[in-house]
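What follows is each chain in one-letter form.
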Amino acid sequence: MKKEWPLWEVFVRSKNGLEHRHFGSLHAADAEMALENARDVYTRRNEGVSIWVVESKHIMASNPENNGEMFEPAQDKVYRHPTFYNLPDEIKHM
Amino acid sequence: MSEAQIKSLEEEFEARIARDEKIEPKDWMPEKYRKTHIRQMSQHAHSEIIGMLPEGNWITRAPSLRRKVALLAKVQDEGGHGLYLYSATETLGISRGEMFEQLHTGKAKYSSIFNYPAITWADIGAIGWLVDGAAIINQVALCGTSFGPYARAMVRICKEESFHQRQGYEIILKLTEGTPEQKAMAQDALNRFWWPALMMFGPRDDDSPNTAQSMKWKLKRKTNDELRQQFIDQTVPQAELIGLTIPDPDLKWNDEKGGYDYGDIDWDEFWQVVKGHGPCNKERMKARVAAWENGEWVRDAAMAYSEKQNFLRKQESRAV
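These remarks concern the structure in this document. (Residues numbered from 1 in each chain as written. Chains lettered and ligands numbered in written order. Predicted model: local features only at pLDDT ≥ 70, side-chain atom pairs only at ≥ 80, totals over all residues. Heavy atoms only, no water.)

## Some points on the overall build of chain A
Where we set the bar: Secondary structure follows DSSP: runs of H or I at least 4 residues long count as helices, runs of E at least 2 residues long count as strands, and numbering of each begins at the N terminus. Only C-alpha atoms enter the radius of gyration, while the globule expectation follows 2.2 Å times N to the 0.38, with N the number of residues. We get accessible surface area from the Shrake-Rupley algorithm with a probe of 1.4 Å; when it comes to residues, only the shown protein chains can shield them.
A tally of regular secondary structure across chain A gives 2 helices and 3 strands. Sequence-ordered secondary structure for chain A, helices as α and strands as β, is β-β-α-β-α. Since a compact globule built from 94 residues should have a radius of gyration of about 12 Å, the 21 Å found for chain A marks it as more spread out than a globular shape. In terms of principal-axis extent, the alpha carbons of chain A reach across some 70 × 35 × 15 Å. Of the roughly 7,200 Å² of accessible surface on chain A, a fraction of 54% belongs to carbon and sulfur atoms.

What follows is the structure, given as structure tokens:
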């Protein structure tokens, strides 16, 4: 074999009103084939109404080793959450 | 990285799994974890696509259109399951090409059960009922495994497998309601597939040195013998209900343990088949390699077409 077909990531919207969700990946020579393969591999039982495919090499992923710097700052900003604010007990719904 | 650093990473890693956290592909993992998963997951994928061969053989000879569409759909599912599992394995850093290479050179194994022939239509029933039945028991246990992509593939596969087993049992059921010859055909298929199905759970616990490590990583939730017992206890009543006899004279209900006692499994046969001396090992590999090699020009042509389209698109945009 000269070249392996590139890898594609598959995202499927299971029904209107819901977001596309990552379903898995597959190999295909081009985008059109990736869509057709995604239909056959991931939606044999009405799992979706819309499919996105994107070549895996175009996805930039964060590195779990940097999760500290990447996600921690949100944790010490408690004032972003409603429970940070003190209200009198008489206020039931706010 | 120093040895002490690795050791502390390993401890943290084991602790995460013990807390039921999932491990994702880019997370740090011990080399042994990566290698064990590549081995087990690729073998699992190989089993799915080799498993298409004994059944695929019967698609053109299915006795009715109803049976034919069902078998076609089942075989297509097996192909799909192989693809989910190959993709999941690739996240660990091995390429599809390397995995195929290992399969075709015999370096990687696949489930021994597919080295037995499907010689009658009843065998297609027995495969769905017993082989898929055994596979489901193994796979349900894997839905909670620690490696995220493997667990997700297993959940999807388990959802699809139950149709496989039901269609197989229905085939056998219909045969048992038929002529004496048809009933005999069903019994014969059970006779030939019963013991190989029990072997699908792997060696006895005493002879399975990797079990402890696999349990720790949740690659196994139950031991081989526990799963085998579960399969026997659930299958015996299914056979009795349709008037078939399990081909084991030592099979007997044991009230005390709440399960069946069963006869000795022929482990020599098991190892013979694993080592490549089963009835169909050579035939299966020949069919698989031929399919791969005969498809090479199609794969290359598709790639060449895609490259040409990209080239033309670039030229077009430059012209503008």
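## Let's talk about the environment of Ile113 of chain B
Residues and elements named next belong to chain B. This is how it is decided: Each residue's exposure class comes from its accessible area (1.4 Å probe, protein chains only) as a fraction of the maximum for that residue type: buried when under 20%, exposed when over 50%, partly exposed otherwise. Two residues qualify as a contact provided that any one of their heavy atoms is within 4.5 Å of a heavy atom in the partner residue.
With respect to the helices, strands and loops of the structure, Ile113 is situated in the loop between α5 (96-104) and α6 (121-142). We classify Ile113 as buried; its relative accessible area is 4%. In the structure, Ile113 is positioned 62 residues away from Gly51 in sequence and 8.5 Å away in space, judged by C-alpha atoms. For Ile113, the contacting residues outside a window of four places in its chain are Val131, Phe193, Pro196, Ala197 and Met200.

## Comments concerning a nonpolar patch on the surface
Residues and elements named next belong to chain A. Applied cut-off: Here a patch means residues that are over 30% exposed by relative accessible area and free of salt bridges, tied together within 9 Å if like-charged and within 5 Å if nonpolar (Val, Leu, Ile, Met, Phe, Trp, Tyr). Throughout this description, the term salt bridge denotes a Lys or Arg side-chain nitrogen within 4 Å of a carboxyl oxygen of Asp or Glu.
On the surface, Val78, Tyr79, Phe84 and Tyr85 cluster together to form a nonpolar patch covering roughly 420 Å² of accessible area. Structurally, the position occupied by Val78 is in the segment after α2 (67-71). Classification of Val78 as partly exposed rests on a relative accessible area of 44%.

## Describing the environment of Ile232 of chain B
Residue and element names in this part refer to chain B. Structurally, Ile232 can be placed in helix α10 (residues 224-241). Considering only alpha carbons, one finds Ile232 and Ile38, 194 residues apart in sequence, at a separation of 30 Å. Beyond its immediate stretch of four places on either side in the chain, Ile232 contacts Trp194, Leu198, Pro237, Leu251, Tyr260 and Tyr262.

## Considering the nonpolar core
Where a protein is soluble and globular, its nonpolar side chains tend to be buried together. All names here are of chain B. The test is simple: By nonpolar core we mean a set of buried residues, namely Ala, Val, Leu, Ile, Met, Phe, Trp, Tyr and Cys, connected to one another through side-chain atoms within 4.5 Å.
Counting residues in hydrophobic clusters, the biggest one holds 94 residues, and the most contacted among them are Leu130, Trp194 and Phe231. Considering every element that reaches this core, the biggest residue donor is α6, with 13 residues. Non-local contacts of Trp194, meaning those with residues more than four positions away in its chain, are made with Leu130, Phe231, Ile232, Thr235, Val236, Ile246, Pro247 and Asp248.

## Here's the deal with unusual backbone geometry
At Asn46 of chain A, a residue that is not glycine, the phi angle is positive and equals roughly 55 degrees. Relative to the helices and strands, Asn46 of chain A is located in the loop between α1 (31-42) and β3 (50-55). A relative accessible area of 75% means that Asn46 of chain A is categorised as exposed. Even without being a glycine, Asp20 of chain B presents a positive backbone phi close to 70 degrees. With respect to the element layout, Asp20 of chain B can be found in the loop between α1 (3-18) and α2 (31-50).

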